[in-house]
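Observations on chain architecture
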Amino acid sequence: MEALKVAEDTGFIPPAPPRAAVSLDRLSVAFDTANGPIVALRDITLDIEDGTFLTILGPSGCGKSTLLRVVSDLVPMAGGNATVFGKSPEQARRGRDIAFVFQDAALLPWRTALENVKLPLEMGIRRGQEIHRSERSPEELLAMVGLKGRENALPHELSGGMRQRVAIARALVCKPKLLLMDEPFGALDEITRDRLNEEILRIWQETGTTILFVTHSIPEAVFLGQKVLMLAAHPGRVKELVDVGLPRDRKLKMRESAEFVRTAARLRELLEEC
Amino acid sequence: MSIVNEIPDKAAGGSLRELLPSSRIVAPIAVLAAILLVWQTGVRYFDVKPFIAPAPTDVLAVLVSDYPLLLRNFWPTLSEALLGFAVGNIIAVLIAVAFVHNRAVEKAFFPVAVFVNTIPILAIAPILVLIFGNGMTAKVVIAALICFFPTLVNMVKGLQSVGKDALDLAQILSATKNEVFWKIRLPASLPYLFAALKIAATTSVIGAIVGEWIGADVGLGALIIDATFNFRSPLLYATVFVSSGLAVLLFLMVTLLERRLVYWTANPRH
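Computed from a predicted model, the values in this text were never measured in an experiment. All chains use their own residue numbering, which begins from 1 and follows the written sequence. For this description, chains carry letters from A and ligands carry numbers from 1, given in the order in which they are written. In keeping with the predicted nature of the model, local features appear solely for residues at pLDDT of at least 70, side-chain atom pairs appear and are counted solely at 80 or more, and the whole-chain, interface and lining totals rest on all residues. Hydrogens and waters are ignored; side-chain quantities use all the structure's heavy atoms.

Residue and element names in this part refer to chain B. For each residue, the accessible area found with a 1.4 Å probe, counting protein chains only, is set against the maximum for its type, and the residue is called buried under 20%, exposed over 50%, and partly exposed in between. Helix and strand definitions follow DSSP, with helices as H or I runs of at least four residues and strands as E runs of at least two, each counted in order from the N terminus. Within the span of helix α10 (residues 220-229), buried status applies to Leu220, Gly221, Ala222, Leu223, Ile224 and Ala227. In what follows, a contact means two residues having at least one pair of non-hydrogen atoms within 4.5 Å. Where the residues of α10 are buried, they touch α4 (67-101), α9 (177-214) and α11 (233-261). Downstream of α10 by a residue or two, phenylalanine 231 has a phi angle that is positive, lying close to 55°.

Here you go:
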């Protein structure tokens, strides 16, 4: 009940006309395979407001990851258009508007935690290019993700959860306007995952960055997302965009609230139809 | 043979350690000491002629008495092996870099490299001595050739061992090809490179010695031939011992360097 009331308070009437962080217009993506081209995504049309935490769910093969990869210019578009803060994905990538967190932390094993966080400051910066930097130093970012004192640890000395924390700190070092996360906690145990879920929400609230978060866990999608994008497979297309009526400030125990349970049940129904 | 010949050195220190409960050190030393003992008593008991099989004590005696002769022949072989090691590995690394940057180059040259590798080193050594003469060059070339292939294969594998996520990350960061090479590919290749360098450390010595067999006045290989034809078996055994000592020395140098450079993990993860 309380959750519903707060949802009404936060409401859907923003103070200023919202600016789209990501705007997809009839976007299609195709891959060439030995058996001919495969359509991974077809006619995706979607606007994601600046500052949104959007979680993306769907059966395997629905192109969840592909959606993140096309937005971040890792795979080309086959048709339609995608813009990131009004720019093409390539411009946004070159301008360091986008950061990506992978399922595997993708740390360089010969670099310490701190050196890994600093990597974006040492690569891909053209002569004379000004890049935005987080107000926090790399050391402070590591402290923010709970790794104070482990700055000089090598990745193999850290647990899976800690490595993913380093990857998150690394993603934040250039103060991205758009943070893409591809099942970042998929390989972690449940306790670690819960803790990181709370932390990523806190980071989202502190930084105000737009987050697109792919997951295959319905509870995770509901707990994190203001909205959940459900994709259907073969070809990947939008099934439904579901609002989550939970307040911005969430606690783990809200997973027992009526709104949480109702939304999760709705998503499970949708997933079965896909 | 090399294991047996190491014993005189280690057995002395080993007898003190036998009281300590570190079976990892004690057990192999005990086995080697036993082999030595059997060898020594066997040779004495059956009265085997020294030119057929010298006793360990005979070998030790020559090691001491002919120390200047052994050392005089040690240095040329060391320089040939070291130079061959350097030349062969540097060329292998450079070609591996070219392969990774250009697939067409790899397709054109890799089969040639495989073919060169299939020629037995003993078969190609006389050809190289004919081409480069009796001097040091032929030995260096043979040592380089024997180092070349394992390093090429491992280095290509190492440079390509970078995970997809790391490459995606580099792309998201708009990293240049140069940055990807120096900051990601090259460090990632080091564990693979050192695996090959450890092989090369011992094979380069083999290459130098094989080269000296074909035609040389100095070097451990020449000394082996000389001692064999003159039935100086204790000297032959002593030379073999010094040769294996040289290989062990190079191997240890590479291992020490590896520990300094590849500090992040014993096994490559990506």
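With that settled, the discussion passes to the sheet that holds strand β6 (residues 178-182) of chain A. Residue and element names in this part refer to chain A. Strand order in the open sheet made by the six strands is β5-β6-β7-β3-β8-β9, with mixed pairing throughout. Every other strand in the sheet has two partners, leaving β5 (98-101) and β9 (237-243) as the edge strands with one partner each. Averaged over all pairs of adjacent strands, the angle between strand axes in this sheet comes to 20°, irrespective of strand direction. Against the sheet, helix α9 (residues 258-273) makes contact with β3 (53-57), β8 (227-232) and β9, and its axis sits at roughly 170° relative to β9, the strand it touches most. For two strands to pair, DSSP has to find at least two bridges joining them. Simply put, an axis is a line fit to the C-alpha atoms, just over the touching stretch for a helix, and the angle between two N-to-C directions goes from 0 to 180 degrees.

In the sections that follow, a salt bridge refers to a side-chain nitrogen of Lys or Arg positioned within 4 Å of a carboxyl oxygen of Asp or Glu. Scanning the entire structure with this criterion turns up 23 salt bridges over all chains. Note that Arg93(A) is salt-bridged to Asp73(A), the shortest N-O span being 2.8 Å. A residue pair is termed long-range when its members are at least 10 positions apart, and Arg93(A) in helix α3 (residues 89-94) and Asp73(A) in the loop between α2 (64-71) and β4 (79-84) qualify at 20 residues. The salt bridge involving Asp58(B) is made with Arg44(B); its shortest N-O contact spans 3.5 Å. Remark: Arg44(B) occurs in helix α2 (residues 23-45) and Asp58(B) occurs in helix α3 (residues 56-65); sequence separation between them is 14 residues.

This part covers the packing of α3(B) against α4(B). Residues and elements named next belong to chain B. Interhelical geometry of α3 versus α4 gives an angle of 75° and a closest axis separation of 5 Å. Judged on the interaxial angle alone, α4 and α3 are roughly perpendicular. Listed contacts from α4 to Val62, Leu63, Val64 and Ser65 of α3 are Tyr67, Pro68 and Leu70. Here the residues of the contact of α3 with α4 sort into six nonpolar, one polar and no charged. Roughly parallel means an angle under 35 degrees; roughly antiparallel means over 145; roughly perpendicular covers 65 to 115; every other angle is labelled oblique. Under the grouping applied here, Gly and all other residues not named as nonpolar or charged are polar, the nonpolar ones being Ala, Val, Leu, Ile, Met, Phe, Trp, Tyr, Cys and Pro and the charged ones Asp, Glu, Lys and Arg.

Another point: the environment of Thr210(A). Residue and element names in this part refer to chain A. Mapping threonine 210 onto the fold places it in strand β7 (residues 210-214). Spatially, the C-alpha atoms of threonine 210 and alanine 92 are 14 Å apart, while their sequence positions differ by 118 residues. Aside from chain neighbours lying at most four places away, what touches threonine 210 is Ala21, Ile48, Glu49, Asp50, Gly51, Thr52, Phe85, Lys177, Leu178 and Leu179. As used in this structure description, the phrase polar contact means that two N or O atoms lie within 3.5 Å; if the pair is within protein, one of them must be able to donate a hydrogen and the other to accept it, and residues adjacent in sequence are counted only when both atoms belong to side chains. A distance of 3.0 Å separates the side chain of threonine 210 from the side chain of aspartate 50, its partner in a polar contact. Engagement of the side chain of threonine 210 in a polar contact is seen with the backbone nitrogen of glycine 51, the distance being 2.8 Å.

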